[in-house]
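Understanding the architecture of this molecule
So the chains spell out like this:
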Amino acid sequence: MSAPASHLLAPDQIAAELKTTLTTGLTGPEAAERLARYGPNQLVEEKKRSIFAALAEQFSDFLVIILLVAAVLSFVLGEVLDGSAIMAIVILNAILGVVQEFKADQALANLKKLTAPKCRVLRDGEAVEIDSRSLVPGDVVLLDAGDPVPADLRLTQSVMLKIDESLLTGESVPVEKDCTKILPEQTPMADRVNLAFMSTWVTFGHGQGVVTGTGMQTEVGRIAGKLQEEEAEATPLQQRLSLFGKQLGVVMLIVCAVVGILGLWRGMGWLHVIMVAVSLAVATIPEGLPAVVTIVLAMGTKRMAERNAVIRRLSAVETLGSATVICSDKTGTLTQNKMTVTRIWTPEGWVEPGGQASMATPHGFLLAASSLCNDASLSGEPGNFSSLGDPTETALVIAAANAGLDKRDLEKELPRLGEVPFSSERKRMTTFHALTAEGVTGIVKGAPDLILARCNRIRKDGAVAAISEGDRASIEAANHEMAHDGIRVLAVALTDPHSHVGTEAERLEKDLVFVGLIGMTDPPRVETAPAVAMATRAGIRSIMITGDHLDTAVAIGKSVGIATEQSTAYSGAQLDQMSDADLDKAVQKAAVFARVSPEHKLRIVESLRRLGEIVAMTGDGVNDAPALKRADIGVAMGLSGTGVAKGAADMVLMDDNFATIVHAIEEGRTIYANIQKFAFFLLSANLAELLIMTVAIMAGMPLPLEPIHLLWINLITDSLPAIALGMEATEPGIMLRRPRDPKENVITRQMMILMITQGVLLTAAVLGAHALGMSKDPANAAGMGATYAFATLTLAELFWAHGCRNIAKPAWSIGFFANKMAWIASGVGVLLLVVVMSVPALEVVFQLHEVHTTDWIWIVLFSLGVTLLMEPVKALVARMMDPAHRS
């Protein structure tokens, strides 16, 4: 359903056309029926690859192709068993690759669902928030500054509404909308001021519109689907690992070629040499590393989402582990965002909240004015009032209602005739009402210093007089007293009566009449101070950036541990006087920035980054987007944030809580550490396999392992154990370490030393087991030796996976059975090994010999011995190279 000529129709006509009601919207059943009929409100995505295409790609790898060729040659030369075994393992490996890829795709798809855009609509007469994909033609959408337009709309209300349509029209200036217009049919899209288009952004004001087109029936859908879902680009970590894997692959291919040449020189058959070299290459190159990284990153984002931190970009996960500074808003992030009016000051003096009042009394007039200049709604009865809207505004509405000044009654008597909405730059809001017989009067509510600067008169004892310097001093003293106590303060003033309110209403906000001050408390969240302390221990500075008064901000900052007597605080006015060099000096010691604008936020971020800091910056407004994009980690507020802020952010806080940022950093550190663990495990195991074969061939020994053994071990150890390491719990003390250097290699020097040591020990163990096996059955020395070597290497790598759970401490010191997935992975690997070595048919395929209890004891001793020997080595190397691990 769509209304192609919706700009030709009046609001009531479009409502009739789409069978909806502008005041109540659609009913739930009607919306559900239309959704089933017209489909979800989303653009058509690229077709996903079929499972067959994904499977085919697994066989396009160069090394796999060589293996397939080798298998075919085996069949041609009559080695049917060898050829069949290689084919089976290649197919199993391909299936495993497809499964891993499918899991990674599913994890990323789930991540996209978590970040799906929301919108507010009227359903059954009530304003509700829904997933934008559930919008249908006929829905009535509510728009506010910062919201993305979720579908094509015919506007039915527009209050100072401006929309950025540059995405569609290229026009850089936001378009001022007018819902009352009825336009000619040939009006260009850029001039259709009574419409709003999908994927544009509301930059100012608010409005309402009825959905005329969804999904591919929108203007965006018609212009070749230029807006597609974000592509899942590789993160910097994935790119570094991929490059490292390729470099390692080249080195290992060269080594494998050398091994092959040595094999030919030692008299091995050319087919056997090819099989050994290729199998060794397949076994040692960690081709599954990128897929496992994606799975682990996506699983980590799911855990973060469960703790109210929704990651929009995977790259943010690894950046979180490097964060050195958190720049946080105050209201709702550090505080509870539950405002209550606690102080009232009028020119007549202080008044305690509570008790009845009327508009005839100074504080009653002040409360009534603050309730009228307010977008929050009131519900309930005396003694049980509740309010919906911004916490500051709800506090004002409830305070007035408790004094007997019910907003619902006030608005009936003095309806809103016009308004100039609040914005972060203006720091004030104005509504117009017929307060006097002389005309329309504006009620202005906002920051005390800015309001007072615009006042030249004062309302005192029921009369208006010129404001004196003494009056200003009294107002500033009252404001300072409340702000010093951590109380948020708003001022209320009046304009002169005017005959009308037009589009230039903002010009009336001058020569104001001061009415009074209202103070509200917003206590810090209980969890904020511990979270700030945790961040400090982790080497992360916390900086408060707020629009509140400087004294208020410092008081709250001290109460939560961000500010101390030694730290400094700056106002936005002071920032305006600073050069970039001065700002760079200031931010090194500053704990609080108050009275700041979004432009100040951007400057602070840029200054911190110039100093080499990795910055997490919070924001919620439309104009916070540049600072969020510029920060290393942009953090948007999920409850109070605008759609623009969420769209620019890397992470969205669903509870607007500072503590959630710190928990996300902890999770980011954990995820990165786990990626290091399984990368370390895969590479160390692969290096050992390469050393075993190289040493054996160079020494002229019988081959300890056949190609099929290498492929099988690679299949078992490169999948489940690696993923299990990616699911390791947070290490104790991870938040006592300094932030990680983002330029640090994934495989550190410490890991390289351990990899080489483990490779040497495992080579000695496998070759020792091979020699013992040969001595056990001299008549069939080669077969029994290979059996011992194969079983020892398989078990040793499964045991070593547990040793990799912590590169500095033994597994039993970190909760031996804490990682259940690690034990499941080991159990599956051991079970498969036992099956291969016990089933007669498989013994023949794998060229193994029957083993008995004594043999198993020797095999377990050789394999377990490597991990046991590595535990003191890990501790020694950690103590030598990484002081953070010393205890």
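Structure report, in brief.

Thresholds, definitions, all that
Residues numbered from 1 in each chain as written. Predicted model: local features only at pLDDT ≥ 70, side-chain atom pairs only at ≥ 80, totals over all residues. Heavy atoms only, no water. Helix = DSSP H or I, 4+ residues; strand = E, 2+ residues; numbered from the N terminus. Buried < 20%, exposed > 50% of the residue type's maximum accessible area, 1.4 Å probe, protein only. Contact = heavy atoms within 4.5 Å. Pairing = 2+ DSSP bridges. Axes fitted to C-alpha atoms, helices over the stretch in contact; angles between N-to-C directions. Expected span 1.5 Å × (residues − 1). Left-handed = near helix turned anticlockwise from the far one by under 90°. Nonpolar A, V, L, I, M, F, W, Y, C, P; charged D, E, K, R; others polar. Salt bridge = Lys/Arg side-chain N within 4 Å of Asp/Glu carboxyl O.

Position of Ser328 among the secondary structure elements: in strand β9 (residues 325-328). We classify Ser328 as buried; its relative accessible area is 1%. Excluding residues within four positions of it along the chain, Ser328 makes contact with Thr333, Leu334, Ile543, Met544, Ile545, Thr618 and Phe658.

Our focus in this paragraph is the sheet that holds strand β26 (residues 651-653). One open sheet accounts for eight strands, arranged β8-β26-β25-β24-β9-β21-β23-β22; its pairing is mixed. Looking at strand neighbours, the two that pair on one side only are β8 (309-311) and β22 (568-571), the edges of this open sheet. Averaged over all adjacent pairs, the angle separating strand axes in this sheet is 20°, with direction ignored. As paired elements, strand β25 (residues 633-637) and β26 share three bridges and run parallel to each other. Paired with Val635 across the two strands is Met651, which belongs to β26. Where helix α24 (residues 658-698) meets the sheet, it contacts β8, β9, β21 (541-545), β24 (615-619), β25 and β26, and its direction lies at approximately 155° from that of β9.

Moving on, we come to helix α13 (residues 391-402). Since there are 3.6 residues in each turn of an α-helix, residues three or four apart along the chain are aligned in direction. Given a rise of 1.5 Å per residue, twelve residues ought to cover 16 Å, and the 16 Å separating the end C-alpha atoms of α13 matches this to within 8%. Taken across its twelve residues, α13 has ten buried, putting it largely inside the fold. Of the residues making up α13, those classed as buried are Pro391, Thr392, Glu393, Thr394, Ala395, Leu396, Val397, Ala399, Ala400 and Ala401. Of the residues trailing α13, Gly404 is marked for its positive phi of about 90°.

Helix packing for two helices is described by the angle between their axes and how far apart those axes are. Two elements in contact, helix α27 (residues 749-776) and helix α28 (residues 781-803), have axes whose closest approach is 7 Å; the angle formed by their N-to-C orientations is 150°. Considering how the two elements wind past one another, α27 and α28 form a crossing that is right-handed. Residues Gln758, Leu762, Ala765, Val766, Ala769, His770, Leu772, Gly773, Met774 and Lys776 of α27 form the contact with α28, whose participating residues are Ala781, Met784, Gly785, Ala786, Tyr788, Ala789, Thr792, Leu793, Ala796, Glu797 and Trp800. When grouped by side-chain class, the residues that make up the contact of α27 with α28 number 14 nonpolar, five polar and two charged.

Moving on to the pairing of β24. Of all the five residues making up β24, five are buried; the element is thus mostly covered by neighbouring parts of the structure. Side-chain alternation along β24 places Val615, Met617 and Gly619 on one buried face and Ala616 and Thr618 on a second face that is also buried. Inspection of the sheet shows β9 paired to β24 by three bridges, in the parallel sense. By the bridge assignment for β24, Cys327 is matched with Met617. Alignment of β24 against β25, held across four bridges, turns out to be parallel. Note on β25: the bridge partner recorded for Ala616 is Ile633.

One ladder, built from three bridges, connects strand β14 (residues 418-420) with strand β15 (residues 428-436); its direction is antiparallel. Each residue of the ladder has a partner; that of Gly418, found in β15, is Phe432. A loop of two residues connects β15 with strand β16 (residues 439-446), the two strands running antiparallel in sequence.

Tallying each qualifying case throughout the model produces 30 salt bridges. Its salt-bridge partner being Arg120, residue Asp144 comes within 2.4 Å of it at the nearest N-O pair. Here Arg120 lies in strand β1 (residues 118-123) and Asp144 lies in strand β3 (residues 140-144), a separation of 24 residues in the sequence. The partner of Asp548 in a salt bridge is Lys330, and the shortest N-O contact between them spans 2.8 Å. Note that Asp548 is positioned in the loop between β21 and α18 (550-560) and Lys330 in the loop between β9 and β10 (340-346), a separation of 218 residues in sequence. Each member of the pair, Asp548 together with Lys330, is buried.

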